[in-house]
Each structure stands twice: as structure tokens, then as C-alpha cells.
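Each chain, letter by letter, is given below.
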Amino acid sequence: MSEATLTSLLEYLNGALTPSNRRWLAEHLIEHANTEESEDLTPYTIGDLHRMVAEGEREFSEGKWQDSEDMFRELEEEFSQEELQYAEAV
């Protein structure tokens, strides 16, 4: 992913998440980055990419898609619910 894309994502998350959500996300990203699993990533083959594109086009033609605004709204709702659950548990 390009640095510009990552910067845009970071700016969005900084604006959309509460401080506790950002800490939770950061902890989990660091934890995942430190595992050997993240070092064992294998690149996709051209065949893999063609299959993924074909699958995506098929799903899109079947009406199985979601725009980014809906996706981010749902994520914000999930984060809010998780934060409330966490606050109630503490």
C-alpha cells in the first residue's frame, strides 16, 4: 500500500476514533506486526489476482457490494458499541 494511502487512512482513523479506540487499534497492530506470522506472507500470483478480480466482478454483478461510506459508518458503530461494552466491564 502506498504511503499516501496509509497517510489518508491514518488521518481518517485519527478523526473517527476515540483515544481509547486508537490505543486498542495500535496495540493490536503492534502485536500482529511483531508476530512471525506477518513475516511469512507470500505474494499473490497473477492467477490468484485474476481469480480475485473475477470473484469481485461476479459479486458486484449480483449486487453484493458496499460503498466506503457505509463501511466506515458500520465500523464506527462497531467501535462505539465495543467501547461501551468495555466501559461497562471496567
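Residues numbered from 1 in each chain as written. Predicted model: local features only at pLDDT ≥ 70, side-chain atom pairs only at ≥ 80, totals over all residues. Heavy atoms only, no water.

A contiguous nonpolar patch, built from Y44, I46, L49 and M52 and spanning about 430 Å² of accessible area, is present on the exposed surface. Residue position: Y44 is located in the loop between α2 (19–33) and α3 (46–61). (Patch = residues over 30% accessible without salt bridge, like charges linked within 9 Å, V, L, I, M, F, W, Y side chains within 5 Å. Areas by Shrake-Rupley, 256 points an atom, 1.4 Å probe, with all protein chains shown as cover. Salt bridge = Lys/Arg side-chain N within 4 Å of Asp/Glu carboxyl O. Helix = DSSP H or I, 4+ residues; strand = E, 2+ residues; numbered from the N terminus.)

Following the criterion strictly, the structure yields 2 aromatic pairs and no others. With a centroid separation of 4.3 Å and 40 degrees between ring planes, the pair formed by Y12 and F72 is classed as tilted. Of this pair, Y12 sits in helix α1 (residues 3–16) while F72 sits in helix α4 (residues 68–89); the two residues are 60 residues apart in sequence, bridging distant segments of the chain. Plain terms: the ring middles of F60 and W65 are 5.9 Å apart, the flat faces sit at 40 degrees to each other, and that makes the pair tilted. (Phe/Tyr/Trp six-rings, centres within 6.5 Å; stacked < 30°, edge-to-face > 60°.)

This part covers the side chain of N21. Structurally, the position occupied by N21 is in helix α2. The residues touching N21, leaving out its near neighbours within four places in the chain, are F79 and E83. (Contact = heavy atoms within 4.5 Å.)

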